[in-house]
Structure formats: C-alpha cells, structure tokens
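# Observations on chain architecture
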Amino acid sequence: MSTENLPQSPEQPLRKPRVAVVFGGRSSEHGISVVTAGAVLRAIDRTKYDVLPIGITRDGRWALTADEPERMAITDRRTPSVEELAESNEGGVILPVDPANREVVYSEPGSVPKALGEVDVVFPVLHGPYGEDGTLQGLLELSGVPYVGAGVLASAVGQDKEYMKRVFTSFGLKVGPYVVIRPREWERDESAARKKIIDFAGEHGWPLFVKPARAGSSIGITKVDDLAGLDEAIAEAQRHDPKVIVEALLRGREIECGVLEFEDGPRASVPAEIPPAQSHAYYDFEAKYIDSTPGIVPAPLTPEETAEVQRLAVEAFEATSCEGLVRADFFLTEDGEFVINEINTMPGFTPISMYPQMWQASGIAYPELVDRLVEAALRRSTGLR
C-alpha cells in the first residue's frame, strides 16, 4: 500500500504511514523481543515510514521508548530490557479503543496527555505469551489497527504446541509422538499425571523432551534421559507454563523453512539445517542467541527434499490460517520423511536468526523483508477476512 492510498483530509498535507514497533512484553522472551525490535528499527526505511517505538515492560506497562536501536543489543551475554529504554518510569502509552480513531496518546501522572499521532500499522515483535499468542492481536483488532503477522486464531494456535499439532494432524501433516499434562490433571492427581508420562516413555523410549506447552525460544525445555530427571524437568517447564507437553525424541536432521506472504499468496524460502550444537545438549536459548550456533543455509538437501519441505511449510501456513510470516520447523527422519515439529508465527527476527537468513539466501535482504511485512499488513483490513 503506497502513501498515496492513505486517507487524507483536505486540510492535511500528505504524510508517510506511521509504523508502531511494539516490543518487550511479559513473557520470558522479553529480552530477545527487544533485540528483534532493535534490528527492525535499524532496517525500516525512514524515508518511507514514520516510526514510533513502544516497549512493553515486564509488568505490562506500555512505555514510550528511545528510538536508539544501538542500545537494543545483547551485551556481555545479557539481553536488554524495555525498562532500560523507557523515557519515564511512570508514563504510559494508550492505544485507541475506537476503530474510527487511530491516534496514540502518551500520559504521565499529573501531566496533560500528549497526542503522539495516528498509527497506520503495528509491527509487533513480541515473542511468547501476552504478545505472540493472539492477546495483542485481539487488542489491535478491537482498535481497528492493522498489524504485521498472524491474526488472533493463528497466533493462539501457533503458540499452543498441543493444539498446533492437533490442527496439523487434521490437515494430514505428520507430527511426532507427544503427551500433554494439563494443569487440572497435575492438581487433581500428581501420581497419575506422572504415570502418564512414564507410560509414554515406556512406549517411545528415553530420552524425552519436557516443554512448556506455550513458550518459545527453547525456554524451559529439558532433555530428560531417564526417570531420575523427570520431576525436575516438569518443575522447570511449569515455571513458564502450567500446561506441559512431553515429546519423544525424533532421530533425524533439524530442517527449517521460512514462509512469507506475497501479493499472490505465501511462498517458501530456501530451507536451512540446524546442526547439532557442540556445546549444548540441543538447540536451546543460549545456542540460538547467546552463542549464535550457526545454521547451514541453504540446507544440503536434494532438489526433491527441498521442494517437499517448502510445500509442507506453505501447507502448515495455510492449515493454521497464518498471515505475514511463519518459520516452520521439521525433522527429516532417518527413513527420509519430514515430520513437522512446530511453527513460529513471530520467529526470531534478529539478523542472525534463521528466518531472515533463509530469506537472505532466497534473494530478499533484511530491509526488504521488513518492508514486505509492513506492506502486507497495510494491504489487509482488521476484522473477519
């Protein structure tokens, strides 16, 4: 959508679309969201868009932040926070709740609220609960503000590993063996819930992966080699989510593929391979972001394998009614079959993240990728579509 297509009143001069980059949030992935925002702020075309950075603190306050992407980087193995970037410890940004009014307001105690101007599109780069899971998307739908990425349903399904797998299965995509322990099961009878997992291990063998059902970036995940480590792994997962999913080990290669929405529909990038992390038990948070374990782009696959994983990635995108972007993660098993592990509706989006790297290798550099996502959001309306 070009600037010329934006609605203008007769007395107003032509203006650039204003993009609010919203980041941070209440999840355990707060810091990586800030890093992602820094990358987006550096890359977005300032000659084409006005930009408004809005950070959400760990306790949920919407803060006006400095537009200083150089401060949004990992330093000394530590991720940044919105609290460090906020212009005030008390002020808050207020989104409109009237779809006819897109003006954002900033308010501080004892001061007259200040209008920050209208927002034409929101680029939410939050990861995990309270941002990537449909909650923020629902707020933006109520406000009538277009936004980058998946809608309410797709975001919610993409965040919940159990229902994601149920949707994939219903569309004929193959998933690995798993079992879910819901909070009520654990509260009602811990012994029975634990036996459910032990029986699962008896059927599929050790090791198992114990995960929070609704978290990302490999946070809270434990590889459990035997019964002795099970209780500690469950406790670690429940620190992040009361709902726990346990997955069997799938032996094979980890393959990822990006999907991007174009004017004529979604297309897949070249795939990447995640090699076994030498200093980590698996591809965990530190391997991804702190130690930056490199992926192989493009993945060393046959042309037939590449075409198949690209087809399946787009199919996963369509099955979950996604919009904008998705990273689809697969295992290529020893018998040559692709099994989908999960999708990420707002994948890691730093320049070293696999999603941008796959599109870079596909001919779309990071700034163009950001621009295409904003353009796709501006083409869409809110509401049922």
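Residues numbered from 1 in each chain as written. Predicted model: local features only at pLDDT ≥ 70, side-chain atom pairs only at ≥ 80, totals over all residues. Heavy atoms only, no water.

With that out of the way, let us pick up the nonpolar core. One finds V21, F23, F123 and F349 to be the most contacted residues of the largest nonpolar core, which totals 36 residues. The set of elements that each furnish at least two residues to this core consists of strand 1 (18-24), helix 1 (30-43), helix 2 (82-85), strand 7 (121-124), strand 12 (252-262), helix 11 (354-361) and helix 12 (366-379). Here V21 is in contact with A37, V40, L41, V51, L52, P53, I54, F123 and V125, once residues within four sequence places are set aside. Counting 26 residues, the second-largest nonpolar core is a separate cluster that includes V259, V309, A328 and L332. (Core = buried A, V, L, I, M, F, W, Y, C linked by side-chain atoms within 4.5 Å. Buried < 20%, exposed > 50% of the residue type's maximum accessible area, 1.4 Å probe, protein only. Helix = DSSP H or I, 4+ residues; strand = E, 2+ residues; numbered from the N terminus. Contact = heavy atoms within 4.5 Å.)

Across the sheet, four strands lie side by side as 3-2-1-7; this open sheet has mixed pairing. Whereas interior strands pair on both sides, the edge strands pair on one side only; in this sheet they are strand 3 (62-64) and strand 7. Each strand of the sheet is rotated relative to its neighbour by a mean of 30°, with strand direction disregarded. In this sheet, strand 7 lies alongside strand 1 in parallel orientation, the contact comprising four bridges. Paired with V22 across the strands is P124, a residue of strand 7. (Pairing = 2+ DSSP bridges. Axes fitted to C-alpha atoms, helices over the stretch in contact; angles between N-to-C directions.)

Once that is clear, we can look at the sheet that holds strand 9 (residues 208-212). Read across the open sheet, the four strands follow the order 8-11-9-10; overall the sheet is antiparallel. Across the chains shown, the open sheet's two edge strands, defined by having one partner strand only, are strand 8 (178-181) and strand 10 (222-224). Between one strand and the next, the sheet's axes are offset by a mean angle of 25°, whatever the strand orientation. Note: strand 8 against strand 11 (residues 244-248), four bridges, orientation antiparallel. Paired with V180 across the strands is I245, a residue of strand 11.

Here we come to the packing of helix 1 against helix 12. Relative orientation of the contacting elements helix 1 and helix 12 amounts to 95°, with a least axis distance of 9 Å. Comparing their axes, helix 12 and helix 1 come out roughly perpendicular. Residues T36, A39, V40 and A43 of helix 1 form the contact with helix 12, whose participating residues are Y366, P367 and V370. Of the residues in the contact of helix 1 with helix 12, the class split is six nonpolar, one polar and no charged. (Parallel < 35°, antiparallel > 145°, perpendicular 65-115°, else oblique. Nonpolar A, V, L, I, M, F, W, Y, C, P; charged D, E, K, R; others polar.)

Moving on: the pattern of salt bridges. Counted according to the given criterion, the structure contains 34 salt bridges. Note that D50 is salt-bridged to K16, the shortest N-O span being 3.5 Å. With D50 in strand 2 (residues 50-56) and K16 in the segment before strand 1, the pair connects residues that are 34 residues apart, well separated along the chain. The partner of R379 in a salt bridge is E263, with the nearest N and O atoms 3.8 Å apart. Pair noted here: R379 is in helix 12 and E263 is in the loop between strand 12 and strand 13 (265-268), with a separation of 116 residues, a long-range link. Given the relative accessible area of 58%, E263 is considered exposed. Here the salt bridges share partners, and the residues they tie into one network are E141, E261, E323, R380 and R385. (Salt bridge = Lys/Arg side-chain N within 4 Å of Asp/Glu carboxyl O.)

A few words on the environment of Y147. Position of Y147 relative to the elements: it lies in the loop between helix 3 (135-143) and helix 4 (152-159). A relative accessible area of 2% means that Y147 is categorised as buried. Along the chain, Y147 and L136 lie eleven residues apart, while their C-alpha atoms are 9.9 Å from each other. When residues no more than four places from it in sequence are discounted, the contact partners of Y147 are V121, V122, P124, Q137, L140, E141, V152, A377, R380 and R385.

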